[in-house]
Amino acid sequence: DQQVKQNSPSLSVQEGRISILNCDYTNSMFDYFLWYKKYPAEGPTFLISISSIKDKNEDGRFTVFLNKSAKHLSLHIVPSQPGDSAVYFCAAAGRGYSGGGADGLTFGKGTHLIIQP
Amino acid sequence: AAGVIQSPRHLIKEKRETATLKCYPIPRHDTVYWYQQGPGQDPQFLISFYEKMQSDKGSIPDRFSAQQFSDYHSELNMSSLELGDSALYFCASSLRTSGSAGNEQFFGPGTRLTVL
């Protein structure tokens with residue numbers, strides 16, 4: 001039973017355009033969401049996160065939007081660059097001890113983003 | 001900036017052997033996590049430690065055990081290895097006392113375990 005779902009295994013976007021990666025979750029106990037980028041043979045690299053008390057968080061070219069009622073979040077990358085080509089994982093965390101992180105993350109299966117020149 | 005260090009990077013073992021994976025968290029991070037990623041799969045949470053005590057447990061088989069030492073490094077011990085244990089094993093660390101930002105886990109490069 002996949003509690004975090006990334007329904008698009010791959011996404012192709014032209015360089016300079018906006019990339020939108022989507023993620024849905026089913027567990028209402030999740031209250032912190034993260035996006036990771038992963039290259040082959042490397043560990044996931046943290047990109048951006050959002051707490052359930054917010055609906056938007058922005059960091060440079062990356063913006064994450066959270067729609068709690070729909071249990072949906074998305075990652076926007078604008079403008080997309082060739083170096084953004086990688087697998088992007090959506091991850092979720094539950095309510096850890098004292099609100100801080102102690103729980104393992106639940107990952108989606110990832111979306112392979114391909115930026116075309 | 002210092003990152004999470006894992007050793008070894010690659011390990012080949014035979015069925016029924018044991019393996020020990022090591023993880024050195026980012027300096028001053030107080031929480032360590034272990035994940036297993038099978039081929040074409042998403043990382044699956046195994047176990048975590050905060051201040052040398054087990055804090056959360058995921059889908060870790062009984063054949064596996066882990067601990068965190070006084071210097072905060074952690075070891076994952078795997079016994080009676082099976083073919084299905086072949087996977088990438090990631091360690092991650094975070095600073096739990098930073099509140100909700102403690103959910104931001106920083107991953108190491110992983111150890112690729114191959115069981116023959």
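Report on the accompanying structure.

What counts as what
- Residues numbered from 1 in each chain as written.
- Chains lettered and ligands numbered in written order.
- Predicted model: local features only at pLDDT ≥ 70, side-chain atom pairs only at ≥ 80, totals over all residues.
- Heavy atoms only, no water.
- Disulfide = S-S within 2.5 Å.
- Helix = DSSP H or I, 4+ residues; strand = E, 2+ residues; numbered from the N terminus.
- Buried < 20%, exposed > 50% of the residue type's maximum accessible area, 1.4 Å probe, protein only.
- Phe/Tyr/Trp six-rings, centres within 6.5 Å; stacked < 30°, edge-to-face > 60°.
- Lys NZ or Arg CZ within 6 Å of the ring centre and 35° of its normal.
- Contact = heavy atoms within 4.5 Å.
- Buried area = accessible area lost by both parts, 1.4 Å probe.
- Salt bridge = Lys/Arg side-chain N within 4 Å of Asp/Glu carboxyl O.
- Polar contact = N/O pair within 3.5 Å; in protein donor to acceptor, adjacent residues only side chain to side chain.
- Nonpolar A, V, L, I, M, F, W, Y, C, P; charged D, E, K, R; others polar.

This next bit is on the state of the cysteines. Considering all chains together, one arrives at 2 disulfides over all chains under this definition. Paired by a disulfide, cysteine 23 of chain A and cysteine 90 of chain A hold their sulfur atoms 2.0 Å apart. In this structure, the disulfide formed by cysteine 23 of chain A and cysteine 90 of chain A twists by about -75° around the S-S bond and is classed as left-handed. Residue cysteine 23 of chain A is located in strand E3 (residues 19-25), and its partner cysteine 90 of chain A is located in strand E9 (residues 86-93); the two are separated by 67 residues in the primary sequence. Residue cysteine 23 of chain A shares its accessibility class with cysteine 90 of chain A, and that shared class is buried. Shown here is the disulfide that connects cysteine 23 of chain B with cysteine 91 of chain B, its sulfur atoms set 1.7 Å apart. The sign of the -55° torsion about the S-S bond sets the cysteine 23 of chain B-cysteine 91 of chain B disulfide as left-handed. Taken together, the residues span a long stretch of sequence, with cysteine 23 of chain B in strand E3 (residues 19-24) and cysteine 91 of chain B in strand E9 (residues 87-94) at a distance of 68 residues. The exposure class of cysteine 23 of chain B is buried, given its relative accessible area of 0%.

Here we come to the packing of aromatic side chains. Applying the stated criterion across every chain yields a total of 13 aromatic pairs over all chains. On the basis of an interplanar angle of 65° and a centroid distance of 6.4 Å, the ring pair of tyrosine 25 of chain A and phenylalanine 30 of chain A is categorised as edge-to-face. This pair shows no difference in class: tyrosine 25 of chain A is buried, exactly as phenylalanine 30 of chain A is. Sitting over the ring of tyrosine 72 of chain B, lysine 52 of chain B keeps its end group 5.2 Å from the ring centre. Sitting above the plane of the tyrosine 50 of chain B ring, arginine 96 of chain B keeps its charged end 3.7 Å from the centroid.

Turning next to the environment of leucine 75 of chain A. Residue and element names in this part refer to chain A. With respect to the helices and strands, the residue leucine 75 is situated in strand E8 (residues 72-77). For leucine 75, a relative accessible area of 0% translates into the label buried. For leucine 75 and isoleucine 114, which are 39 residues apart along the polypeptide, the C-alpha to C-alpha distance reads 15 Å. Not counting the four nearest positions on each side in its chain, leucine 75 is found in contact with Ser19, Ile20, Leu21, Trp35, Leu47, Ile48, Phe62, Thr63 and Tyr88.

A few words now on the interface of chain B and chain A. Across the boundary between the two partners, chain B contributes 27 residues, which contact 25 residues of chain A. Overall, the association of chain B and chain A removes approximately 1,900 Å² of surface from exposure, summing both partners, and the carbon and sulfur fraction of that is 53%. Contact with chain A buries surface across chain B, with Asp42, Arg96 and Asn103 of chain B losing the most and accounting together for 30% of the total. Our count for the contact surface shared by chain B and chain A stands at 1 salt bridge. Salt-bridge contacts for lysine 109 of chain A lead to aspartate 42 of chain B; the nearest nitrogen and oxygen are separated by 3.0 Å. Applying the counting criterion to the chain B and chain A interface returns 7 residue pairs in polar contact (both at pLDDT 80 or more). Of all elements in the fold, only strand E4 (31-37), strand E5 (44-50), strand E6 (53-57), E9 and strand E10 (106-107) of chain B reach the threshold of two or more residues within the side of chain B that touches chain A. At 4 residues, E4 of chain B tops the list of elements feeding residues into the side of chain B that touches chain A. Each residue belonging to the side of chain B that touches chain A can be placed in one class, and the counts come to 10 nonpolar, 12 polar and 5 charged.

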